[in-house]
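Here is what each chain is made of, one letter per residue.
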Amino acid sequence: MSDEKKTIFSGIQPSGCVTIGNYLGALRSWKNLQDDYNCYFCVVDLHALTVKQDPAEMRRRCIELYAEYIACGLDPEKNVMFFQSHVPAHSELSWLLTCISYMGEMSRMTQFKEKSKKAGSNVGLGLLCYPVLMAADILLYNTDLVPVGADQKQHLELSRTLAARFNNAYSDTFKVPEPYIPANGARIMSLTDPTSKMSKSAENPNAYVSILDEPDVIMKKFARAVTDSDNKIVHDAQNKPGVTNLLEIYSACTGEPISSIEDAFAGKGYGDFKKAVGEAVVETTQPIRDRFKTIMQDKAYIEKCYTEGAQKASCTANKTLAKVHRKMGLAPHKL
Ligand code: TYM
């Protein structure tokens, strides 16, 4: 790791297969930034446990997500790539930060409100504390920049609040991290309900496109995507959320500005447009699918990468944790 470079930390939950939302909102930024930063890319498995998971499926998804990181172009030699649960400092710092967090600020988090509504009468405590664990992830590595989609902005704001609160209470310790949200693709919406975000854990598989979906599946999902009845391809988030979402996906995949896509499709129908969006997504994701299949054939390589990743991550994380122990007045140790 270079001393001159700034540090990036980011992660994805193994709560489903990576969607084009995760890719365009986060993973693609990681890939583009990996040469210029010291990067920590984590599979945040402990976060996924805030809702009930089937253990066998969870294990499979964890390994697959790590392989998807590599397939998307992240280099395990260049970056520190690991599982959150393999570096216990994450859980421990999370507890220490919980002790300086307030019930009010946690219960005001949008994601908590949404997820707890779904959970019904028994809302898990993990859902409430989730953003504190996320703050611990980030703050352990003296992170400068956190590349995420727009939905994580509020959680990141909380990480900044907790860092500043700790620094005020116990003297300067944590760097206050900045978000990095891409100009294009930061909020990809569901294909079945374009007023809510595309989510990898949605019950209806037609709501999301996974980067591992085969081309015919991708084309079908876009052909069925919810639009409206006036057949005009224009960007209007308020009145035409479905078409607007498709325009944003097309623009994020091809790099073409929205206005020139609108011009190119003026007078054409939704059928043609949906086909073009599907094809752009197939083309963007095809190299990822090809690499994924190859990587998954070498489980020993995957295990070697994540074991080394956890060793490197632990070195930095444990130093930060020891500092926090000292500042908070825990008994001295040389552990
Ligand atoms: P997760 O697993 O929900 O999503 C992973 C990343 O993908 C982005 N994203 C999207 N971007 C655009 N459009 C969408 N529809 C879309 N859906 C998801 C997310 O913004 C995220 O960047 N709490 C985090 C995981 C996390 C984390 C961290 C992230 C835990 N610790 C520390 C950064 C730093 C989450 O649930 O992401």
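Our structure's up above, just so we're on the same page.
Residues numbered from 1 in each chain as written. Predicted model: local features only at pLDDT ≥ 70, side-chain atom pairs only at ≥ 80, totals over all residues. Heavy atoms only, no water.

## Here we look at the overall build of the protein
Within the protein, the regular secondary structure consists of 13 helices and 5 strands. On C-alpha atoms alone, the protein measures out to a radius of gyration of 21 Å, which is about the 20 Å that the 2.2 N^0.38 rule sets for 335 residues. Overall, the protein is about 70 × 45 × 40 Å in size when its C-alpha atoms are taken along their principal axes. Looking at the protein as a whole, 51% of its 335 residues are labelled buried. The contacts of the protein with a sequence gap of at least 6 include a subset with a gap of at least 24, amounting to 76%. The protein carries 40 positive and 39 negative side-chain charges, and their two centres are separated by 4 Å. (Helix = DSSP H or I, 4+ residues; strand = E, 2+ residues; numbered from the N terminus. Rg over C-alpha atoms; globule rule 2.2 N^0.38 Å. Buried < 20%, exposed > 50% of the residue type's maximum accessible area, 1.4 Å probe, protein only. Contact = heavy atoms within 4.5 Å. Lys, Arg positive; Asp, Glu negative; His and termini not counted. Charge placed at Lys NZ, Arg CZ, Asp CG, Glu CD.)

## Remarks on the site of the ligand
Neighbouring residues of the ligand: 26 residues in total, closest Tyr130, Asp137, Asp151, Ile188 and Lys200. Asparagine 22 is positioned such that a nitrogen or oxygen atom in its side chain is 3.1 Å from an oxygen atom of the ligand. At 2.5 Å, a side-chain N or O of tyrosine 130 approaches an oxygen atom of the ligand. Against a free-state accessible area of 700 Å², the protein chains account for coverage of 97% of the ligand. By residue class, the composition of the shell around the ligand is 12 nonpolar, 10 polar and 4 charged. (Near = heavy atom within 4 Å. Polar contact = N/O pair within 3.5 Å; in protein donor to acceptor, adjacent residues only side chain to side chain. Areas by Shrake-Rupley, 256 points an atom, 1.4 Å probe, with all protein chains shown as cover. Nonpolar A, V, L, I, M, F, W, Y, C, P; charged D, E, K, R; others polar.)

## A short note on helix H8 (residues 153-170)
A rise of 1.5 Å per residue sets the reference length of H8, with its 18 residues, at 26 Å; its end C-alpha atoms lie 26 Å apart and thus fit the reference within 8%. Within two residues after H8, serine 171 carries a phi angle of roughly 85°, on the positive side. (Expected span 1.5 Å × (residues − 1).)

## Comments concerning empty space enclosed by the protein
Summed over all chains, the structure comprises 2 cavities of 30 Å³ or more. Quantified by volume, the largest cavity comes out at close to 50 Å³. If you go around the largest cavity, the residues you meet are Tyr66, Pro76, Glu77, Asn79, Val80, Met81, Lys304, Cys305, Glu308, Gly309 and Lys312. Where the lining of the largest cavity is concerned, the elements lending two or more residues are strand E3 (80-83) and helix H13 (299-328). A total of 5 residues in the lining of the largest cavity trace back to one element, the largest contributor, which is H13. Among the residues making up the lining of the largest cavity, the classes are represented as 5 nonpolar, 2 polar and 4 charged. Within this model, the second largest cavity holds a volume of roughly 40 Å³. Together, Gln111, Phe112, Lys115, Leu127, Tyr130, Pro131 and His155 line the second largest cavity. Taken together, the elements giving at least two residues each to the lining of the second largest cavity come down to helix H6 (110-119) and helix H7 (125-139). (1 Å grid on protein atoms, 1.4 Å probe; cavity = no way out; pocket = protein on both sides within 12 Å on 5 of 7 lines; lining within 4 Å. Points joined across faces, edges and corners; volume = space filled by probe spheres on them.)

## Here's the deal with the layout of surface pockets
One number sums up the size of the second largest pocket: a volume of about 200 Å³. As for the second largest pocket, its lining consists of Met1, Ser2, Asp3, Lys5, Thr7, Asn38, Tyr40, Tyr141, Asn142, Asp144, Lys175 and Thr316. A class-by-class count of the residues in the lining of the second largest pocket yields 3 nonpolar, 5 polar and 4 charged.

## Some remarks on unusual backbone geometry
The phi angle at serine 171 is positive, at roughly 85°, despite the residue not being glycine. Structurally, the position occupied by serine 171 is in the loop between H8 and strand E5 (178-180).

## Concerning the nonpolar core
In terms of nonpolar packing, the biggest core is built from 62 residues, with Ile20, Leu27, Tyr66, Tyr69, Phe222 and Ile249 touching the most fellow members. Per-domain counts for this core show at least three residues from each of domain 1 (7-186 + 298-328) and domain 2 (205-293). Leave out the neighbours within four places in its chain, and isoleucine 249 touches Ile20, Ile188, Leu191, Phe222, Val277 and Val281. (Core = buried A, V, L, I, M, F, W, Y, C linked by side-chain atoms within 4.5 Å. Domains from an automatic or database assignment.)

Limitation: the analysis is restricted to geometry and does not speak to function.
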